[in-house]
Amino acid sequence: MTVMVLLFLTLILVPASALVHRALGRDTGWFAAVALIGLGAATLPWIGSIADGEVLEEHLPWMPTVDVGISLRLDGLGLVFLLLVLFIGALVMAYSARYFSPQKRTNDYYIWMLLFVFAMSGMVMADDLILLFVFWEFTTLCSFFLINRSGDKAPAPAQRTLLITMAGGLGLLTAVLMIIVATGTTRISEALQHGIWQEDGVFTSVVAVLVVLAAFTKSAQFPFHLWLPDAMVAPAPVSAYLHAAAMVKAGIYLLLRFSPVFQGVAIWQTLLIGCGLITALIGALFALQRHDIKEIMAYSTVSQLGFLVAVIGVGTPTALAAATIHVIAHALFKSSLFMMVGIIEHEAHSRDIRRLNGLQRTMRVSGVITVIACVSMAGIPPLMGFVSKEHLLAGLLSADLGAGLTWLITGLAVLAAVGTFAYCGRIVLGVFTSYTGAGRRDEVHEPMPEDGAHEAPLSFYLPALLPAAAGLVLGFFPQIFDGLVSAAASAASPEEYQAHFALWHGFTVDLALSAVIIVVGLILVLYRVRVDSLIPRTILPFTGVQVVERLRTGSISFGRRVGDLTRTDMHGLHLTVPGILLVGIFIAGLMTAPFVGELTPGHTRPTDWVLIGLLVFFLIGTVITQSRTAAVVLAGGAGFVVAAWYFLLGAIDVGMTQLLVEILTVVVLVLVLRKLPKRFHAVSRTRTVVSATVAIGFGVMAFIAAFALTGRRGQSPVAEWYLENTYDATHATNTVNSILVDFRALDTFGELTVLGVAGFAILALLNSAFSTSDNAPAASQLWVGTPIYNAEDNTTAMRMVFNWMAPFIILLSLVLLVRGHYESGGGFIAALVAGGFFALRYLVAPSDSAVKLRFDYAMVIVGGIMTGAAIGVVGYLEGSYLRPIMWDIPLPWGGEYAFTTALIFDLGIYLAVIGAVLVALDRLGQAQRYPAELLRTHRRAFGTPEGEQHGSAHRYVDPGDVPFEVDPTVDEDETSIQEVRNR
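Because the structure is a prediction, the values reported are computed rather than measured.

Rules behind the numbers
Residues numbered from 1 in each chain as written. Predicted model: local features only at pLDDT ≥ 70, side-chain atom pairs only at ≥ 80, totals over all residues. Heavy atoms only, no water. Helix = DSSP H or I, 4+ residues; strand = E, 2+ residues; numbered from the N terminus. Areas by Shrake-Rupley, 256 points an atom, 1.4 Å probe, with all protein chains shown as cover. Core = buried A, V, L, I, M, F, W, Y, C linked by side-chain atoms within 4.5 Å. Buried < 20%, exposed > 50% of the residue type's maximum accessible area, 1.4 Å probe, protein only. Contact = heavy atoms within 4.5 Å. Phe/Tyr/Trp six-rings, centres within 6.5 Å; stacked < 30°, edge-to-face > 60°. Axes fitted to C-alpha atoms, helices over the stretch in contact; angles between N-to-C directions. Parallel < 35°, antiparallel > 145°, perpendicular 65-115°, else oblique. Left-handed = near helix turned anticlockwise from the far one by under 90°. Nonpolar A, V, L, I, M, F, W, Y, C, P; charged D, E, K, R; others polar. Expected span 1.5 Å × (residues − 1). Arc of directions from axis to C-beta. Polar contact = N/O pair within 3.5 Å; in protein donor to acceptor, adjacent residues only side chain to side chain. Salt bridge = Lys/Arg side-chain N within 4 Å of Asp/Glu carboxyl O. Patch = residues over 30% accessible without salt bridge, like charges linked within 9 Å, V, L, I, M, F, W, Y side chains within 5 Å. Disulfide = S-S within 2.5 Å. pLDDT = per-residue confidence, 0-100.

Draft legend 1. A look at the overall build of the protein. Helices and strands together make up the secondary structure of the protein, namely 40 helices and seven strands. Surface accessibility of the protein: about 44400 Å² in total, with carbon and sulfur atoms responsible for 67%.

Draft legend 2. Just the nonpolar core, in detail. Core analysis: the largest hydrophobic core is formed by 202 residues, its most contacted members being Met 93, Tyr 241 and Phe 262. Sorting elements by how many residues they give to this core places helix α16 (residues 317-348) first, with 20 residues. Apart from residues no more than four positions distant in its own chain, Tyr 241 is found in contact with Val 85, Ile 88, Gly 89, Val 92, Met 113, Phe 116, Val 117, Ala 246 and Met 247. Judged by nonpolar contacts, the second largest core, of 41 residues, contains Met 656, Val 667, Ile 809 and Leu 918.

Draft legend 3. Spatial organisation of the packing of aromatic side chains. Going through the model one piece at a time under the given rule, you end up with 19 aromatic pairs. Here Trp 197 and Phe 262 contribute two aromatic rings whose centre-to-centre distance is 5.7 Å and whose plane-to-plane angle is 90 degrees, an arrangement assigned as edge-to-face. Linking Trp 197 in helix α9 (residues 196-199) with Phe 262 in helix α13 (residues 247-262), this pair joins segments that are 65 residues apart in sequence. Members of the aromatic cluster, connected to one another through ring pairs, are Tyr 95, Tyr 99, Phe 100, Tyr 109, Tyr 110 and Phe 460.

Draft legend 4. Here's a closer look at the packing of helix α10 (residues 201-218) against α13. Where α10 meets α13, the axes come as close as 7 Å, and the angle between the chain directions of the two elements is 165 degrees. The orientation of α10 with respect to α13, classified from their angle, is roughly antiparallel. For α10 against α13, the interelement crossing comes out left-handed. Contact residues: Thr 204, Val 207, Ala 208, Val 211, Ala 214, Ala 215 and Lys 218 in α10; Met 247, Val 248, Ala 250, Gly 251, Leu 254, Leu 255, Phe 258, Val 261 and Phe 262 in α13. When its residues are assigned to classes, the contact of α10 with α13 shows 13 nonpolar, two polar and one charged.

Draft legend 5. Representation of helix α2 (residues 28-43). The end-to-end C-alpha distance of α2, which contains 16 residues, comes to 23 Å, matching closely the 22 Å that a straight helix rising 1.5 Å per residue would cover. Among the residues making up α2, those that are buried are Thr 28, Gly 29, Ala 32, Ala 33, Leu 36, Leu 39, Gly 40 and Thr 43. Considered in projection along α2, the buried side chains sweep an arc of 135 degrees and stay on one side of the axis. At its buried positions, α2 is contacted by α1 (3-24), α3 (45-51), α4 (76-99) and α5 (107-125).

Draft legend 6. Spotlight on the side chain of Asp 608. Counting through the fold element by element, Asp 608 comes out in helix α27 (residues 606-624). According to the relative accessible area criterion, Asp 608 is buried, its value standing at 5%. Reaching out from Asp 608, the side chain makes a polar contact with the side chain of Trp 645 at a distance of 3.1 Å.

Draft legend 7. Looking closely at the side chain of Ser 219. Structurally, Ser 219 is set in the loop between α10 and α11 (227-230). Residue classification places Ser 219 among the buried positions, given a relative accessible area of 1%. For Ser 219, the contacting residues outside a window of four places in its chain are Val 248, Gly 251, Ile 252 and Leu 305.

Draft legend 8. Molecular detail of the pattern of salt bridges. This model, assessed by the stated rule, comprises 15 salt bridges. A salt bridge links Glu 549 to Arg 160; the shortest N-O distance between them is 2.7 Å. With Glu 549 in helix α25 (residues 544-564) and Arg 160 in helix α7 (residues 155-183), this pair connects stretches of sequence that are 389 residues apart. Several salt bridges share partner residues, and in doing so they unite Glu 57, Arg 73, Asp 75, Asp 127, Arg 187 and Arg 257 into one network.

Draft legend 9. Region of the structure containing a nonpolar patch on the surface. Together, Val 516, Val 519, Val 520, Ile 523, Leu 526 and Tyr 527 make up an exposed nonpolar region whose accessible area comes to about 570 Å². Within the secondary structure, Tyr 527 sits in the loop between α23 (509-526) and α24 (528-534).

Draft legend 10. Structural detail: the packing of α1 against α2. It is the contact of α1 with α2, at a shortest axis distance of 9 Å, that shows an interaxial angle of 160 degrees. Put simply, α1 runs roughly antiparallel to α2. As for the relative orientation of α1 and α2, their crossing is right-handed in sense. Across the interface between the two elements, Leu 6, Leu 9, Thr 10, Leu 13, Ala 16, Ser 17, Val 20, His 21 and Leu 24 of α1 pack against Thr 28, Phe 31, Ala 35, Leu 36, Leu 39 and Thr 43 of α2.

Draft legend 11. Looking closely at the state of the cysteines. Counted according to the given criterion, the structure contains zero disulfides. Cysteine Cys 374 shares no disulfide, and the gap to the nearest cysteine sulfur, in Cys 424, comes to 4.9 Å.

Draft legend 12. Just helix α19 (residues 384-397), in detail. Here α19 spans 20 Å end to end across 14 residues, near enough to the 20 Å set by a 1.5 Å rise per residue. Most of α19 sits inside the fold, with 13 of its 14 residues counted as buried.

Draft legend 13. Layout of unusual backbone geometry. Of the consecutive residues Phe 222 and Pro 223, the connecting peptide bond is found in the cis state with omega at 5 degrees. Within the secondary structure, Pro 223 is located in the loop between α10 and α11. A cis geometry characterises the amide bond from Pro 381 onward to Pro 382, with omega recorded as 10 degrees. Tracing the backbone through its elements, the reader meets Pro 382 in the loop between α18 (364-378) and α19. At Ala 220, a position not held by glycine, the phi torsion is positive, near 55 degrees.

Draft legend 14. Layout of the confidence of the model for the protein. Scored by pLDDT, the protein comes out at a mean of 80, with 82% of its residues at no less than 70. Ignoring residues within four places in sequence, the model shows residues 438-445, a span with pLDDT below 50, making 19 contacts including any to other chains. Below pLDDT 50 for its whole length, residues 927-983 participates in 110 contacts with residues either more than four positions away or in separate chains.

What follows is the structure, given as structure tokens:
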């Protein structure tokens with residue numbers, strides 16, 4: 001197996017788990033666990049070679065012309081984190097299979113968790129700065145969605161977490177761009193070897209600050225530490241993986257990866273050591289304040305991450321090796337503890353240590369697991385946590401900062417470690433013994449009834465037992481990590497280093513400090529009641545969460561105030577800025593006019609003036625009509641004239657696109673107009689004159705500017721190249737289509753994705769704004785007895801035409817799709833023709849319920865986007881993503897057909913466009929006809945309707961209909977009013 005295959009397999013797990021979930025439900029966790037264990041086992045043979053100094057590298061070009069590719073590199077540092085991602089991930093997946101109830105919806109949970117595995121695996125193996133940033137942000141998005149899906153209280157913490165971590169992501173993006181520009185390469189291994197780090201101190205310091213910002217936000221360092229406890233609204237498996245063993249370690253990995261070039265940089269050391277120690281201290285203090293064991297675990301994670309950051313800031317090889325071994329130990333005991341929190345909450349139905357004490361009577365196995373993990377976190381021998389904590393102290397003592405400063409930072413670390421010991425005792429004694437110091441003396445103590453909790457089954461606590469047991473066993477044999485940690489420390493340091501781990505190193509200074517920590521910690525535990533009463537529950541009158549929430553709401557409020565400056569219904573204000581720009585273009589056109597675009601017989605044709613006349617006719621009609629429907633039809637006629645102009649100029653594809661878009665636009669707008677009054681409101685003559693003058697002036701300027709700046713000049717050099725080389729390069733004779741699906745396929749794929757997103761936005765908007773009830777409002781009975789009331793009879797003729805035309809429309813759509821590479825057509829045009837089929841189908845239907853779609857058109861959009869993305873991989877296998885591949889297929893009647901993968905890419909465009917059209921037609925087609933006007937008529941007939949009043953408008957709710965605004969300033973036809981009264 002290669003690193004590229006490993007990364008690909010982690011991605012394949014995502015759709016595989018979605019399919020497996022249909023059969024296994026929550027037990028998909030077992031499938032994911034086995035798969036991740038298999039992938040982790042496949043990496044074990046690499047340990048020996050990487051420990052000996054070998055580096056696994058692979059590179060696949062993605063877009064060779066711009067030197068962008070997938071570059072992967074696995075050294076000792078990357079392998080340490082990769083093993084944690086895979087094996088801890090496997091344990092959490094197995095734990096998830098029993099944590100969630102069988103009725104709980106978990107399909108999306110497993111998808112996002114496995115996507116996170118993929119993102120973390122890609123991040124630690126990435127040797128490309130752009131790839132590193134993409135995977136970094138991918139972990140942020142996965143974390144957001146996993147938190148956000150955790151209940152009604154989750155959106156706010158998810159948003160706060162996203163804001164903080166995305167802010168750090170912007171810092172990383174800036175750093176990445178600066179490094180690429182300065183070093184001239186995107187390869188991380190090459191960039192870190194560049195001489196600019198020693199030559200330009202300002203550049204190095206700025207990049208160091210940006211990297212620190214990114215790492216601090218991801219690894220919850222002061223002052224960004226608040227998001228991690230806030231994110232504990234997520235379920236225990238998410239906390240155990242993302243916020244204890246994986247996501248928060250991304251920042252630690254980033255610091256270690258860039259450590260070689262920042263060693264000795266003053267601002268780097270100051271920020272890491274200073275903020276790291278502050279984080280370790282306040283994390284321990286906050287953990288001692290809390291009663292919720294999950295909150296205690298959250299702040300303990302913050303504190304432990306502070307230790308790691310401070311030691312990385314020291315920067316010596318000893319310190320970097322200590323940070324690496326503590327990353328391993330921390331992942332073991334903290335993942336176990338978070339899983340145990342979930343088990344305790346699940347079985348005892350509480351997380352409050354004031355209620356949970358005494359669980360050793362009913363949950364003995366859980367108690368043993370928790371004690372082992374807590375003892376490891378407290379740094380008590382012979383567990384792995386003791387070994388790593390002792391080396392952390394040795395790493396701090398190795399700082400080259402002078403004796404006084406070195407002992408100061410070591411003393412602060414010892415103080416934070418004492419706090420770690422104290423809150424570990426608080427957890428164990430508060431949950432499993434009759435601990436009376438869990439809360440203040442004046443607080444009501446409610447012990448958990450003996451029959452209120454019971455032990456979890458083996459399949460539930462086994463995933464938590466394994467890492468705790470590993471921490472116990474590995475504490476006796478830490479030397480097995482010598483080779484791998486040595487390789488990791490050497491990768492994080494500019495010099496080679498050989499680590500030697502052992503449970504007993506003799507009588508050393510760091511052993512003495514460990515003894516001090518244990519003794520003082522025991523004293524604090526013994527006097528826990530007094531200590532608990534002395535610790536203030538609040539230090540500041542505000543919390544970090546409140547600060548971030550105030551910043552978030554304040555920025556939204558500020559945005560509204562800024563928007564209020566231009567938020568108006570007056571068209572003049574909205575047109576001011578584009579009007580100024582148009583005037584500038586007009587002046588530029590006049591200055592250029594002597595050279596191109598002169599109005600001479602050689603630059604115009606008689607047909608141009610005929611079309612201009614028709615265009616003026618339609619536009620004048622659009623402006624002067626009082627009917628909204630007539631205005632839409634006339635504006636569509638103007639669009640048809642433009643389409644005809646394209647045909648006369650020889651742009652057949654563009655003309656067909658314009659024609660079909662106009663047809664569908666008219667249909668959609670007519671559906672929209674059913675929600676508006678039939679006629680425009682009256683305006684004064686003065687306003688009409690002013691509006692006409694401004695409109696004509698802008699139109700004249702736009703015409704002159706466009707004609708002057710373009711005219712009828714000849715082909716550009718780029719156009720000439722396309723005409724001469726398209727067939728040789730792609731075997732396509734339709735140059736326009738080939739540009740879209742061959743030469744600029746990536747651009748088209750981006751537009752395809754945007755179109756799909758727009759379709760989903762329309763769907764969300766219409767779902768939130770309109771009802772899908774089939775009950776018509778009472779006022780719709782106005783048409784009883786009229787020819788249009790019986791829709792079945794009224795559409796008989798159109799249905800007959802449609803039944804004959806439908807097969808030919810579909811056939812034309814498919815023909816245009818297939819022939820687009822060689823003749824006029826293509827996926828977009830073919831989809832518009834198919835859209836015309838669906839539009840005609842809606843128009844001839846007697847009701848929206850009779851034509852309601854029986855399939856999920858949203859999945860049509862997704863299918864189109866996925867088709868475009870998937871066919872791009874085929875080209876990637878030939879050297880570049882979305883590169884067209886061609887085969888000559890023999891035909892039965894002789895000759896050959898040049899098949900190209902661009903046709904399948906066109907199929908993706910076809911599906912996405914059809915899906916977007918269906919979204920508009922289906923949702924808009926379900927709304928009642930002219931509801932606003934009918935209810936205004938109802939108001940005039942019977943007086944002010946019942947409902948809520950909003951300023952100058954009334955809100956009316958009709959049975960079976962949706963509420964909407966009624967403008968009382970518009971007059972209605974008195975005949976319609978009388979008809980309502982008579983009814």
